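A closer look at the structure
Here's the letter readout for the chains.
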Amino acid sequence: MENCIFCKIVAGEIPSPRLYEDDKMIVIKDIEPKAKLHYLCIPKTHFALLAEMDEEKAEIVKHCFATIPKIEEQLGLCGGYRVIVNQGENGGQTVPHLHIHLLGGEKLADF
Ligand code: 5GP
Ligand code: ZN
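Position numbers for residues start from 1 in each chain and track the written sequence from start to end. All chains are assigned letters beginning with A, and all ligands numbers beginning with 1, in the order in which they are written. It should be noted that, the model being predicted, local features are given only for residues of pLDDT at least 70 and side-chain atom pairs only at 80 or more, the latter also being counted only at that level, while totals for whole chains, interfaces and linings use all residues. Processing note: side-chain calculations cover all non-hydrogen atoms of the structure and skip hydrogens and water entirely.

1. Regarding helix 2 (residues 55–71)
Secondary structure counts use DSSP, requiring at least four H or I residues in a row for a helix and at least two E residues in a row for a strand, with both numbered from the N terminus. How far a helix is expected to stretch is found by multiplying one less than its residue total by 1.5 Å. Here helix 2 contains 17 residues, and its C-alpha end-to-end distance of 25 Å stays within 8% of the 24 Å for a straight helix at 1.5 Å per residue. Note on classification: 1.4 Å probe, protein chains only; a residue is buried when its accessible area is under 20% of the maximum for its type, exposed when over 50%, partly exposed between these limits. All of the buried residues in helix 2 are Lys57, Ile60, Val61, Cys64, Thr67, Ile68 and Ile71. For helix 2, the arc enclosing every buried residue in end-on projection is 135°, short of the 170-degree limit, so these residues lie on one face. More than 90 degrees from the buried face of helix 2, the exposed residues found are Glu55, Lys62 and Lys70. Those residues of helix 2 that are buried are in contact with strand 1 (20–21), strand 2 (25–29), strand 3 (37–43), strand 4 (81–84) and strand 5 (100–104). To be clear, the arc concerns the directions from the helix axis to the C-beta atoms. Between two residues, a contact is recorded if the distance between any of their heavy atoms is within 4.5 Å.

In structure tokens:
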């Protein structure tokens, strides 16, 4: 997708170190961390909203959520973490490419 910052990161057009990568997703550090550790799990396929999910995209989302617990230790997310998927304007989504925030590395404030 043209002009999508996360598609550019996935394509390597904008350099961003990958803490994890497989055929369906990458994990990078958020550029403006909201917690001691703040990662973004970004599917390699462009779509903005959970509402757009078809079977193929559902497999991608499932893969992301299944993979996160497998890499939580290597990401330093010991002792728990918060998972956030902002959706649309009211949800505070600023990048219209679906992504999963992983926040941790400290005791987070009550939600
Ligand atoms: P949203 O507000 O859409 O849920 O989250 C977008 C996140 O992407 C924000 O937390 C923002 O700091 C992060 N972000 C925006 N641009 C970049 C970038 O170029 N590199 C990285 N690593 N994170 C970015
Ligand atoms: Zn994109």
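2. Details of the coordination of the zinc ion (ligand 2)
For a metal bound by four donors in tetrahedral geometry, the ideal donor-metal-donor angle is 109.5 degrees, whereas six donors in octahedral geometry ideally sit at 90 or 180 degrees. Coordination here is defined by N, O and S atoms within 2.8 Å of the metal (3.2 Å for Na, K and Ca), and since water is not considered, a site can look incomplete. Coordination of the zinc ion (ligand 2) by the protein is provided by Cys4 (SG), Cys7 (SG), His46 (ND1) and His97 (ND1), with metal-donor distances spanning 2.0 to 2.3 Å. All geometry calls rest on donor angles, where a four-donor set with angles between 85 and 135 degrees is tetrahedral, four- and six-donor sets with opposite donors more than 155 degrees apart and all others between 65 and 115 are square planar and octahedral, and all else is irregular. Each of the 4 donor atoms bound to the zinc ion (ligand 2) contributes to angles spanning 107 to 117°, and the resulting shape is tetrahedral. Residue His46 is classed as partly exposed on the basis of its relative accessible area, which comes to 24%.

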